[in-house]
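# Chains, contacts and geometry: an overview
As a plain string of letters, each chain reads:
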Amino acid sequence: MVALLIKLGNFLFNGELGVRFVSCFLSIGTCVVLWLAIDNKDKRQHIPLFFILVYSMTLLHAYGFLTLPDTPLLFFTALFLLAYKRFLKKPDLLISILLGLLMAALMYSKYHAVLVILFVILSNIKLLKNKYAWLSVIIGILAYTPHLIWLFENDFVSIRYHLFERPNRAYEFEDFTLAFFINLVALFGFTFPWVYKSLFKTKPHDLFTKALLYLVYGVIVFFFISSFNRRVQTQWLIVVCVPMVLIVYNYILSNPQDRKWIFRMGILNIVILLFLRLGLVFEPLFPIVYETHGNKNWVNALREKAGDIPVVFENSYREAPMYAFYSGNPSYSLNNIRYRRNQYSIDGSESVVQGKRIIYISKFKKEGDIEYQSAKADTIFGVFLDNFQSFRNLKTHLNEIEVMSGSKELNFDLENPYDIDIGLSQLDFAVISLNKYKNVIDIIKIDVLPFDEKKAKAKAHAKTRFKFTLPKDIKADTHYIKISVSENKLYWGINGENVKLPNGSN
């Protein structure tokens, strides 16, 4: 969805304006749709209050000019709720098709959208008997089918990461659950007491209001429970802002005292947010170095030393596209076991740098052929590499049955998805041990032997089976292991899946 927004913007403008243009219009659209969803006869008497309420909400304000998945998520959530309101009045073929397409658009924006759909359905369980509701679901699934096919073809990479592979750490009340409640306050800034008072005072007097309440409480409860397992990021809660606008505005229209405080505190929020927006552009106003600061400077400094050759960044899906955007030259993020898969793992970008002379940039290098200053004034080093070759798409499949049986003699398959054979002499292998939170705790290089001892290459589009002995020095707190590959002495790649050791440890 984000790529589509940027593509549409680039038809009209180049550079940053093209990137952000459509997002700004979606923000306007969100505001318009929310206004249309309010039926209160007194709403036109307090139009300024509506805009103050909307743009005093921290993230609703911020995602009005940032091009992120949350921007279309907000727009399509508002449009979905408006369409659902029309559906409740008179379900028919046209509104059912529209609802289905909006559900697909929500899911194309962000997976969190499933909560929007789920809690609206739970608020009106009779929808399960409504033929028009089922038509909407079918239309939504059909429109979402291209992404489902993409997921299947890419081994459900994004789903697996979010549900099973994302590293975590031990529970901390302050950083997990307490931070969750702080995020609930941060969503609304200084207006939060009156915003939540409006929520608590609102009763489900009709199916639409019931849907709004289910959506807000449902998302809050869902992420409250999640906070006992991992840290909840503020933007994960952003979808509650849409129903909250409708709930709060309807409430304060008939409550003058609360209306007065929302107006005052809302203006204070907006003043602070506008100051921070200026700080995104004019660095001295901002208390910290933010992501928007200094990008052109470090890109230009690096480009002067790199020339027109490609730049390969270690573990950075941010710096790589930033460099390509401002320099116009090819870039790539080489992801290793200390990071995670991202778009550079699956979009074919690797082929752009294969066999070429490149500059390899790593934040962990203490010296190199070149150096430049990052936006935070850190010295970053890079080295020139000739005939660069990486094979990050190699996959290892550890025999899980053997692992679970406690066997010390194990085997794995190396899957080569490339169009070329890869010499085994170019490859090294290691057992990666991970703790129960799926964080890497050790890397142990291993000697492997192909079942066909005469085999010297991993054949293209084929699997090669290897056997090895499980190292004896695996640490006691190891809960998972995986097999990693180092090609041409590059740092260990993300090649295999986590396999749990029997009894959770060795």
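Small disclaimer: the values here were computed from a predicted structure and weren't measured. (Residues numbered from 1 in each chain as written. Predicted model: local features only at pLDDT ≥ 70, side-chain atom pairs only at ≥ 80, totals over all residues. Heavy atoms only, no water.)

### Concerning the overall build of the chain
Broken down by element type, the chain carries 18 helices and 15 strands. Since a compact globule built from 506 residues should have a radius of gyration of about 23 Å, the 26 Å found for the chain is in line with a globular shape. The dimensions of the chain, computed from C-alpha atoms along their principal axes, are 80 × 55 × 45 Å. Classification of the 506 residues of the chain by burial places 49% in the buried group. Long-range contacts, defined as pairs at least 24 residues apart, comprise 67% of the intrachain contacts of the chain with a sequence gap of at least 6. (Helix = DSSP H or I, 4+ residues; strand = E, 2+ residues; numbered from the N terminus. Rg over C-alpha atoms; globule rule 2.2 N^0.38 Å. Buried < 20%, exposed > 50% of the residue type's maximum accessible area, 1.4 Å probe, protein only. Contact = heavy atoms within 4.5 Å.)

### Considerations on helix α10 (residues 174–186)
For the α-helix, the turn length of 3.6 residues means that residues three or four positions removed from each other point alike. The end-to-end C-alpha separation of α10 is 16 Å, well short of the 18 Å expected for 13 residues at 1.5 Å each. The axis of α10 is deflected most strongly, by about 35°, at F180. Within α10, burial applies to F176, T177, A179, F180, N183 and L184. In this structure, the buried side of α10 is in contact with α11 (192–201) and α12 (207–226). (Expected span 1.5 Å × (residues − 1). Bend = angle between axes of the 7 residues up to and from the residue.)

### Digging into empty space enclosed by the protein
Tallying each qualifying case throughout the model produces one cavity of 30 Å³ or more. There is about 70 Å³ of room inside the largest cavity. Taken together, L26, S27, T30, C31, V54, Y55, L60, Y63, G64, T71 and L74 form the lining of the largest cavity. Sorting the residues of the lining of the largest cavity by element identifies α2 (15–36), α3 (47–56) and α5 (70–89) as the ones contributing at least two each. Top element by residues in the lining of the largest cavity is α2. It accounts for four residues. Its residues assigned to classes, the lining of the largest cavity comprises seven nonpolar, four polar and no charged. (1 Å grid on protein atoms, 1.4 Å probe; cavity = no way out; pocket = protein on both sides within 12 Å on 5 of 7 lines; lining within 4 Å. Points joined across faces, edges and corners; volume = space filled by probe spheres on them. Nonpolar A, V, L, I, M, F, W, Y, C, P; charged D, E, K, R; others polar.)

### Considering the pairing of strand β9 (residues 427–434)
Buried residues dominate β9, accounting for eight of its eight residues. Of the two faces of β9, the one carrying L427, F429, V431 and S433 and the one carrying D428, A430, I432 and L434 are both buried. Bridge count between β9 and strand β14 (residues 480–487): eight bridges; the pairing is antiparallel. Residue pairing for β14: S433 is matched across the bridge by I481. Linking β9 back to strand β10 (residues 440–446) in an antiparallel pair, the connection comprises five residues, with K438 at a positive phi of about 65°. (Pairing = 2+ DSSP bridges.)

### Section: the environment of N40
As for its placement among the helices and strands, N40 is situated in the loop between α2 and α3. When its relative accessible area of 22% is taken as the criterion, N40 is described as partly exposed. The spacing of N40 and A456 is 416 residues in sequence and 75 Å in space, taken between C-alpha atoms. Ignoring anything within four residues of it in the chain, the contact list for N40 reads N250 and L253. A polar contact of 2.9 Å, which involves the side chain of N40, links it to the backbone nitrogen of D42. (Polar contact = N/O pair within 3.5 Å; in protein donor to acceptor, adjacent residues only side chain to side chain.)

The values reported here are purely geometric and, on their own, carry no functional implication.
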